[in-house]
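# Remarks on the overall topology
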Amino acid sequence: MKKLYSLFVMTFMVFALQAQITGVVVDADSGEPLIGASVLIKGTSIGTITDVDGSFSLNRNSDGACQLEAAYLGYQTVIVPMEAGVNNAGNIQLREGFAGLEEVVITGIVDVARGRRTPVAVSTISKQELEKIGNQEMPELLNSTPSVYATKSGGGYGDSRINIRGFDQRNVAVLINGVPVNDMENGRVYWSNWAGLSDVTTAMQVQRGLGSSKLAISSVGGTINILTKTTDKEKGGAVSATIGNDGYLKTLVSYSTGKNESGFASSVLLSRTAGDGYVQGTKFEGYNYFLGLGWDKGNNNFQFTVTGAPQTHNQRTTSFYNMATLADYQKFGNKYNYNHGTYNGEEFNWRRNFYHKPIASLNWDLKLNEKSKISTVAYASFGRGGGTGDIGRLGGNFASSSKFRDANGAVLWDKIAASNGGEVSTFSNDYTYGNELDPITNSYIVNDDEIRAGDIDGEQTIRRNGVVRRASMNSHNWIGLISNFKHKLTSNLKFDIGVDLRTYKGIHYRRLDNLLGADGYRDNDDVNNPYNIVTQENESNIGGLVNVFKSIDDEVKVNYYNEGLVNWLGAFTQLEYTEGSLSAFVQAAASQQGFKRIDFFRYAEGERESEWENILGGNIKGGANYNLNDNHNLFFNAGYYSKQPRFAAIYLDNDNFVNDDYRNEKIVGLEIGYGYISEDIRVNLNAYRTTWNDRFISISNSFDVNGTPDDDDDDIQGSANLTGVEQVHTGIELDAAYKINDMISLTGMVSVGNWVYGGDVTGSALDDNGNKVGELSLFLDGVKVGDAAQSTARLGLTVQPINNLYIDASVRNASNLYAAISADDFDAADHNGSLKLPSYSLVDAGISYKLPIGDNGNGLNFRLNVNNLFDTEYISESATNYFPKEGDETFNGIATNNKVFFGFGRTWNTSIRYNF
């Protein structure tokens with residue numbers, strides 16, 4: 001034992017006696033120190049960050065020559081050669097530009113927040129943190145930041161979701177290198193479309209609240225800036241492999257030519273990811289590609305990039321009608337998938353997602369002179385794909401019926417196919433059914449739900465006689481351009497002005513995916529082609545996704561076929577003032593959003609197109625930061641948004657008639673904050689209040705129209721469209737980091753929110769024929785906003801016992817978590833409010849090690865992650881708001897008829913990467 005102790009002492013003495021490299025990192029223009037800039041010895045994991053004076057010190061890893069790499073988000077990275085025996089790097093000057101953390105591309109259109117300067121609440125996930133992702137998904141990395149709640153949702157590949165300050169993904173702006181990617185019709189972000197993005201991301205920043213982006217975007221809850229790699233200026237590459245639980249396997253290769261004397265460079269990356277999925281029946285396969293071409297010469301910098309991630313994966317659906325109950329999970333286990341089974345001996349699922357959404361962009365930064373530059377990006381995205389589900393009813397029963405499941409809860413696909421094909425099949429509980437020959441075609445046809453006996457020229461057509469699998473296609477064409485002119489008016493005042501132009505076409509239709517033993521499907525939803533029999537099947541696989549320019553004219557459509565057109569004309573401007581300890585900005589943006597709907601099924605030719613509906617919107621916001629001294633700073637920001645309603649609020653009930661009561665949503669954000677920084681400690685504390693008025697809610701269900709829930713006589717099956725819903729979100733956020741010594745550091749965060757609806761709302765109730773039958777009131781005042789934990793906390797520990805070895809662990813708590821509420825839960829004044837779910841805590845751990853090979857930065861990187869180390873069982877979300885009644889079964893106080901998702905139990909992954 002004494003010898004072992006002596007060996008440890010000698011080892012640490014060796015490291016302690018190593019020469020210290022010191023220096024200062026400053027802004028090249030102002031000479032001000034850059035606090036929090038990263039400095040590392042290139043090719044190693046030895047690094048540090050600058051203190052309040054911009055100074056740093058770190059141990060050399062050898063007595064020979066080395067290179068320092070200094071980086072700061074929003075600035076160009078600088079490489080500083082250090083000769084053998086030289087330990088003072090002097091002043092390292094960084095200039096604002098298109099690089100930041102290692103390979104980050106920052107063009108003039110990207111608005112990144114900078115510590116002690118930009119007055120917003122912000123957290124940045126560095127490339128080093130991104131390397132810990134393993135088989136997690138990108139939104140989950142942000143669970144380490146305040147007021148963020150990200151879950152795996154149904155648990156399929158890429159099906160995760162994120163809430164910021166209680167606002168869901170539709171109201172969180174997601175930008176990739178400054179380009180907005182939220183769907184222009186509904187505001188959603190589908191992370192499965194970006195499943196390979198982590199391979200090319202070099203930093204990710206979440207700005208909570210209205211954020212610092214100059215664009216008029218949907219940043220009600222916050223803005224996620226994803227910054228990708230660009231065309232690397234240095235020659236080299238990497239190969240890596242990752243394995244994990246449930247057959248997870250990911251392989252990757254990348255290579256860059258480096259920048260030649262003419263200023264040209266190119267980079268390429270390819271990867272493949274596949275596995276069986278943690279949840280039953282969620283097998284997946286995805287690919288990712290990245291190509292970068294760059295030219296940097298004189299005052300011009302061009303960057304062309306294209307990246308995409310075609311993928312297909314089986315899902316555990318988040319659709320209310322096809323979700324399992326808590327009682328189902330108690331019976332079949334927490335990995336149970338309501339939609340899975342086998343068909344012809346292979347895994348088969350009602351729900352299968354398939355998509356390919358490449359995005360190509362051309363960035364041009366032109367330096368006009370020492371005071372002015374223009375930054376422009378032209379981009380295009382062509383998304384192709386959709387998701388599968390069921391059409392029809394089998395013997396009058398929906399496919400979700402327990403009749404069609406075996407004792408283990410798996411869907412009896414083979415029996416369904418046999419029944420569709422005319423064989424009388426016996427399902428569960430002795431239920432039997434078999435399709436009959438269609439009297440018109442003398443074949444086995446599954447009929448549209450709404451076709452009744454005698455509809456077709458008096459023929460006795462069989463009603464609700466089978467189910468088939470369809471695919472709902474949601475493709476789009478999106479082209480845009482953003483251009484920003486920046487001019488330095490004085491040494492303290494900068495001026496920006498620019499345009500944001502976008503045009504979008506959403507293409508929506510259904511096609512048959514699998515007839516499941518039937519000879520055809522009779523569709524009666526196209527008024528121009530009634531009682532059409534469709535026999536064409538279209539496979540939902542990766543092979544059919546490669547060509548995003550393939551014509552869809554030959555695909556036979558069923559159920560619906562329409563297009564949504566959205567045009568966006570935007571302009572923005574900003575004034576930014578910086579002098580000494582004070583920095584301030586004011587921004588204004590205006591936009592005209594035009595909507596048009598084209599329906600090929602519900603209208604005859606010549607009547608298919610609606611008129612354009614053009615709506616003005618915009619925002620104004622500003623804020624200031626003041627550095628009281630080297631350690632303390634204060635900031636505030638405030639803003640007002642007038643946000644155009646979404647497409648569904650303009651054209652109600654899939655009709656071409658414009659809603660005559662639509663309104664712009666109004667958002668007011670207020671925030672104050674305090675920061676403290678020293679050589680070893682960082683603390684950020686802020687408080688916020690966001691009010692969101694004139695929200696639109698659409699209800700299509702059975703609900704009470706007179707506030708008398710005990711009297712079913714006035715309940716109707718119909719719809720209601722209500723405008724004027726208000727939400728008020730307030731909260732406090734704290735995050736901190738503490739470097740105890742050169743070996744040990746801590747990070748932590750706490751956020752406490754109070755997110756409620758403000759006031760009741762009333763609107764017209766319509767029956768299924770669109771006739772007004774009364775007034776519907778929703779009693780929402782004071783109801784808790786659901787679907788996200790209103791209080792979160794995390795504590796993280798990182799230990800570096802020796803150079804290149806890191807051990808990390810964290811514990812995260814989520815509490816004050818409420819179920820996702822449905823508005824029709826509150827159509828009576830005596831409701832119970834929002835259902836509160838049990839709080840939970842999770843522990844994650846990991847270890848990283850880099851083995852240097854040679855003196856040129858080559859090396860092997862190893863990483864092991866274990867998530868939910870103690871295999872904690874917890875409910876991550878509930879789609880229903882059912883309170884237990886007397887005699888009801890419960891689980892941890894939650895009624896078992898609720899439709900929920902359990903979070904994943906213990907998972908793991910390990911990776912190896914070789915850099916050359």
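Below is a short write-up of the structure. All values reported here derive from a predicted model rather than from experimental measurement. (Residues numbered from 1 in each chain as written. Predicted model: local features only at pLDDT ≥ 70, side-chain atom pairs only at ≥ 80, totals over all residues. Heavy atoms only, no water.)

On to the overall build of the chain, then. Within the chain one finds six helices and 52 strands. Relative to the compact-globule value of 29 Å for 916 residues, the chain shows a C-alpha radius of gyration of 29 Å, a close match. Counting only C-alpha atoms, the chain reaches 95 × 65 × 60 Å along its principal axes. Put simply, the chain has 916 residues, and 56% of those count as buried. Long-range pairs, those at least 24 residues apart, make up 67% of the contacts in the chain between residues at least 6 apart in sequence. Split by element, the accessible area of the chain, about 37500 Å² in all, is 52% carbon and sulfur. Mean positive and mean negative side-chain charge positions of the chain (78 and 107 charges, respectively) differ by 7 Å. (Helix = DSSP H or I, 4+ residues; strand = E, 2+ residues; numbered from the N terminus. Rg over C-alpha atoms; globule rule 2.2 N^0.38 Å. Buried < 20%, exposed > 50% of the residue type's maximum accessible area, 1.4 Å probe, protein only. Contact = heavy atoms within 4.5 Å. Areas by Shrake-Rupley, 256 points an atom, 1.4 Å probe, with all protein chains shown as cover. Lys, Arg positive; Asp, Glu negative; His and termini not counted. Charge placed at Lys NZ, Arg CZ, Asp CG, Glu CD.)

Next up on the list: the sheet that holds strand 4 (residues 55–59). Taken in spatial order, the three strands make up an open sheet running 4-1-7, and their pairing is mixed. A single partner strand is all that each edge strand has here, and the edge strands are strand 4 and strand 7 (88–94). Shown here is a sheet whose adjacent strand axes are inclined to one another by a mean of 25°, direction ignored. Here five bridges tie strand 1 (residues 20–27) to strand 4, and the two strands are oriented antiparallel to one another. The residue of strand 4 that forms the bridge with valine 24 is serine 55. (Pairing = 2+ DSSP bridges. Axes fitted to C-alpha atoms, helices over the stretch in contact; angles between N-to-C directions.)

Spatially, the four strands line up as an open sheet ordered 3-2-5-6, and their pairing is antiparallel. Because the sheet does not close on itself, it has two edges, and the strands there are strand 3 (47–49) and strand 6 (78–82). Pairs of neighbouring strands in the sheet enclose a mean axial angle of 20°, with direction left out of account. Relative to strand 5 (residues 66–71), strand 2 (residues 38–41) is paired through four bridges, and the arrangement is antiparallel.

Moving on, we come to the pattern of salt bridges. Throughout the structure, instances matching the rule amount to 30 salt bridges. We note a salt bridge from lysine 132 to glutamate 129, for which the minimum N-O separation is 3.3 Å. A relative accessible area of 22% means that lysine 132 is categorised as partly exposed. Since its relative accessible area comes to 36%, glutamate 129 is described here as partly exposed. Because the salt bridges share partners, they merge into one network encompassing Glu129, Lys132, Asp808 and Arg863. (Salt bridge = Lys/Arg side-chain N within 4 Å of Asp/Glu carboxyl O.)

Extensive coverage of strand 25 (residues 372–394) is indicated by the burial of 20 of its 23 residues. Pairing analysis gives nine bridges linking strand 24 (residues 359–367) to strand 25, with the strands arranged antiparallel. From the neighbouring strand, leucine 366 faces strand 25, where its bridge partner is isoleucine 374. Taking the residues that link successive antiparallel strands as the turn, the strand 24-strand 25 hairpin has four residues. By the bridge criterion, 21 bridges tie strand 25 to strand 29 (residues 465–488) in an arrangement that is antiparallel. Among the inter-strand pairings, glycine 387 is bridged to a residue of strand 29, identified as serine 472.

By the secondary structure assignment, asparagine 867 is in strand 47 (residues 859–867). A residue is classified by how much of its surface remains accessible, and asparagine 867, at 10% relative accessible area, is buried. Ignoring any residue separated from it by four or fewer positions in sequence, one finds asparagine 867 in contact with Asn135, Gln136, Val843, Asp844, Gly905, Arg906, Thr907 and Asn909.

With respect to the helices and strands, the residue asparagine 754 is situated in strand 40 (residues 744–757). With a relative accessible area of 34%, asparagine 754 lands in the partly exposed category. When the C-alpha positions of asparagine 754 and proline 81 are compared, they lie 52 Å apart, and in sequence the two are 673 residues distant. Not counting residues within four places of it along the chain, the set of residues in contact with asparagine 754 comprises Val728, His729, Thr730, Lys784 and Gln790. There is a polar contact of 2.7 Å between the side chain of asparagine 754 and the side chain of lysine 784. (Polar contact = N/O pair within 3.5 Å; in protein donor to acceptor, adjacent residues only side chain to side chain.)

The backbone of asparagine 429 shows a phi angle near 55°, a positive value even though the residue is not glycine. One can find asparagine 429 in the loop between strand 26 (425–426) and strand 27 (432–433). Although it is not a glycine, aspartate 430 adopts a positive phi angle of roughly 60°. With respect to the helices and strands, the residue aspartate 430 is situated in the loop between strand 26 and strand 27. Given the relative accessible area of 67%, aspartate 430 is considered exposed.

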